[in-house]
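Summary of structural features
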Amino acid sequence: MKYKDYYAILGVKRDATADEIKTAYRRLARKYHPDVSKETNAEEKFKEMGEAYETLKDPEKRAAYDQLGSHAPGQDFRPPPDWGREFAQGQGGFDDIDLSDLFAGLAGRHARGGTGGGRRADRPLAGSDYEAVVRVSFDQAFHGAEIDLELSALEWAPDGGMRRVPHRVKTRIPKGVTDGEKLRVPGKGGKGANGGPDGDLYLDIQVEAHPLYRVAGLDIHVDLPLAPWEAVLGTSVNLPTPAGAVSLKVPAGTRAGAQLRLTGRGMARGGSTGNLFANVRIEVPTVVDDRQRALFEQLAKTSNFNPRAQLDQEAAR
Amino acid sequence: MTAPADDAVCLDSMTEVTWTQLVSASGLPEAELRELVRYGALVPRDPDAPTWTFEARWLVVARTASRIRHDFELDPHGVSVVLSYVERIEQLQAELRALRARLG
C-alpha cells in the first residue's frame, strides 16, 4: 500500500488542531472544488484533499491514521501488526486496496453497525452509486455506441474487510450525447445487500474533439474554405458531414464568415435534430505565377469594389 | 452468449424522475431536499401536485447539491446560493462552447 501524507496534503503540521485542519481544508476547497474550479487537475487534487480531510477531521480515524506512522509520500508500507486488530477488525489483505479504501472501510463498518461482528445482517442496504468518466469519439456521440466499461469497485469481503473487484458493464450510449453530459445506467452500481436495491452507475461523458466538426448543442459547425473566385462566382462543393458527404451549392457573392445551413444535418436526439453549418473562410493563394499575377492586376484595374469604403470615409473626416 | 447491453439514460428534460428517486440518488436527507425546493434550487414539474415529479436533469443538480453540501460543509441555503453560481458557470461555458464552435 502506498503512503499518503494527509497532513502535507492539507498543508498543516501533524499536531494541528481540529480547527486548523478545518480552516486549511476550507481554504483549499474554495480553490480546487471541481464544480467551481478551473485549476489544472482540480478534480484529482480535490479528491486527495477530501480524502485527507475525511480522515483527519474524525478523531478516531485520525488516531488510526497516526498509528500508521510517518512515511515518505508514495512509499510502500504495511500497517503495524496490531493495527488491524485495534482499528479494522476483519481487515484482510492490504495489498489490493489503497489508503482511502482502508479508511472508507473503517467508516463503512461503523455505518453498518459497529466494528467487526456487530453489524446488523438483516437490514436491507442499497448498493452504492458508482461514477465513471467515459471518453467517446465524435462518431460514437453522433451515431450512439455500445461500450464495455471495466471499473474497479470497492466491496465488502466475507471477512468483513474491504476489497477491490473488477466491475464490468456493457452499456449503450444513446446518439446525440454532448461533452460534459451525465448519463445514468440504472441498477449497474454496487450490489445491494439483504434485499436492498442495487446502486446506479453515472457516466460523465467526454466527447473527443473532431478534426473537422465542432458541436454547439445539437448543431454542428464545419469550416468551408473557398477561393476568392469561388466566393465571387459561386460554386458547388462536396462537403463531408457525419452522416455522409453532400453536394452544397455556394451562392455567388458569398462573404467570409457567412454560415451556409444544411437543415437537419446536425446531431439527432430524442426526436429533435440540429443543423450543420458550413462556416465560410476565404483563402488566398500565397504563390502566383506571372500569368495569374497579370490577371489579378487586370482585375484590380477593372474593379471598382472598395471593401474599405466606410474606413476611407472616416479617415477623410 | 454475450450479455445484452444496458441502456444509458440521458438525464435531460425528456426523462422524468420521481421525488423518491431524486431523494435516493442525491443521498441528501429528504427535509434538506425539500428546503432546496423551497429556495427554488430544484424545481418540480408541478409544485402544487400532491406527488412531485422532476425533469431528470434535476437529478444531476441534486447530486451536485449533495457534493457541495458535504464538501463545503454548507447548510441548504448556502448550497442553493452555490448552485445558482454553478448553473451560471455552466450557462456561460455552453455559450463559450457555442461561440468557439462558430468561430473555429
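Residues numbered from 1 in each chain as written. Chains lettered and ligands numbered in written order. Predicted model: local features only at pLDDT ≥ 70, side-chain atom pairs only at ≥ 80, totals over all residues. Heavy atoms only, no water.

**Considerations on the packing of aromatic side chains**
Taken as a whole and assessed by the stated rule, the structure comprises 11 aromatic pairs over all chains. Judged by centre distance (3.9 Å) and plane angle (5°), the rings of Tyr-25 of chain A and Tyr-53 of chain A are stacked. With Tyr-25 of chain A in helix 2 (residues 18–32) and Tyr-53 of chain A in helix 3 (residues 42–56), the pair connects residues that are 28 residues apart, well separated along the chain. This pair shows no difference in class: Tyr-25 of chain A is buried, exactly as Tyr-53 of chain A is. Note on Trp-229 of chain A and Phe-296 of chain A: the rings are 6.5 Å apart at their centroids and 50° apart in plane angle, and the pair reads as tilted. With Trp-229 of chain A in helix 8 (residues 228–233) and Phe-296 of chain A in helix 9 (residues 290–302), this pair connects stretches of sequence that are 67 residues apart. Trp-229 of chain A sits in the partly exposed class, given a relative accessible area of 45%. Sitting above the plane of the Tyr-202 of chain A ring, Arg-63 of chain B keeps its charged end 3.6 Å from the centroid. (Phe/Tyr/Trp six-rings, centres within 6.5 Å; stacked < 30°, edge-to-face > 60°. Helix = DSSP H or I, 4+ residues; strand = E, 2+ residues; numbered from the N terminus. Buried < 20%, exposed > 50% of the residue type's maximum accessible area, 1.4 Å probe, protein only. Lys NZ or Arg CZ within 6 Å of the ring centre and 35° of its normal.)

**Some words on the packing of helix 1 (residues 19–26) of chain B against helix 2 (residues 30–38) of chain B**
All names here are of chain B. Viewed as axis vectors pointing N to C, helix 1 and helix 2 meet at an angle of 110°, and their least axial separation amounts to 10 Å. Compared by their axis directions, helix 1 and helix 2 come out roughly perpendicular. Like other packed secondary-structure pairs, helix 1 and helix 2 cross with a definite hand, here right-handed. In this structure, helix 1 uses Trp-19, Leu-22, Val-23 and Ser-26 to contact helix 2, whose residues at the interface are Glu-30, Leu-33, Arg-34 and Val-37. Across the contact of helix 1 with helix 2, the residue classes break down as 5 nonpolar, 1 polar and 2 charged. (Axes fitted to C-alpha atoms, helices over the stretch in contact; angles between N-to-C directions. Parallel < 35°, antiparallel > 145°, perpendicular 65-115°, else oblique. Left-handed = near helix turned anticlockwise from the far one by under 90°. Contact = heavy atoms within 4.5 Å. Nonpolar A, V, L, I, M, F, W, Y, C, P; charged D, E, K, R; others polar.)

**As for the pattern of salt bridges**
All names here are of chain A. The tally for this structure, following the rule as stated, stands at 25 salt bridges over all chains. Between Arg-135 and Glu-208 there is a salt bridge, with the nearest N and O atoms lying 3.8 Å from each other. In this pair, Arg-135 sits in strand 1 (residues 130–136) while Glu-208 sits in the loop between strand 5 (201–207) and strand 6 (214–216), placing the two residues 73 residues apart along the sequence. For Arg-135, a relative accessible area of 52% corresponds to the exposed category. Here Arg-172 ties to Glu-146 by a salt bridge, and the two come within 3.6 Å at their closest N and O atoms. (Salt bridge = Lys/Arg side-chain N within 4 Å of Asp/Glu carboxyl O.)

**Brief notes about the sheet that holds strand 7 (residues 219–226) of chain A**
Residue and element names in this part refer to chain A. Spatial ordering of the open sheet is given by 6-7-13-10, a layout of 4 strands whose pairing is mixed. Both outer strands of the open sheet, strand 6 and strand 10 (259–262), are each paired with one neighbouring strand and no more. Strand-to-strand, the axes of this sheet are offset by a mean angle of 30°, without reference to chain direction. Where strand 6 and strand 7 come together, 3 bridges link them in antiparallel fashion. (Pairing = 2+ DSSP bridges.)

**With respect to the nonpolar core**
Membership of the largest hydrophobic core comes to 53 residues, with the highest contact counts inside it found for Leu-10, Tyr-65, Leu-99 and Phe-103 of chain A together with Leu-22, Leu-42 and Phe-54 of chain B. Top contributing element to this core by residue count: helix 2 of chain A, with 6 residues. Once you skip the residues sitting within four places of it in the chain, Leu-10 of chain A turns out to touch Ile-21, Ala-24, Tyr-25, Leu-28, Met-49, Ala-52, Tyr-53 and Leu-56 of chain A. Core analysis: the next-biggest nonpolar cluster, separate from the first, contains 40 residues, Val-177, Leu-226, Ala-231 and Leu-262 of chain A among them. (Core = buried A, V, L, I, M, F, W, Y, C linked by side-chain atoms within 4.5 Å.)

**Some words on the interface of chain A and chain B**
One widely used convention gives an interface's size as the accessible area the parts lose upon coming together. Taken together, the 40 residues of chain A in the interface contact 35 residues of chain B. A combined buried area of about 3000 Å² lies between chain A and chain B, and 49% of that area is made up of carbon and sulfur atoms. Counting across the chain A and chain B interface gives 8 salt bridges. For the pair chain A and chain B, the interface holds 18 residue pairs in polar contact (both at pLDDT 80 or more). Those elements that provide at least two residues to the side of chain A that touches chain B are helix 2, helix 3, strand 3 (162–173), strand 4 (182–185), strand 5 and strand 6 of chain A. It is helix 2 of chain A that contributes the most residues to the side of chain A that touches chain B, 5 residues altogether. Partitioned by chemical class, the residues of the side of chain A that touches chain B number 15 nonpolar, 6 polar and 19 charged. As judged from the 2 bridges shared by strand 4 of chain A and strand 2 (residues 9–10) of chain B, these two strands associate in the antiparallel manner. Of the residues in strand 2 of chain B, the one forming a bridge with Leu-183 of chain A is Cys-10 of chain B. (Buried area = accessible area lost by both parts, 1.4 Å probe. Polar contact = N/O pair within 3.5 Å; in protein donor to acceptor, adjacent residues only side chain to side chain.)

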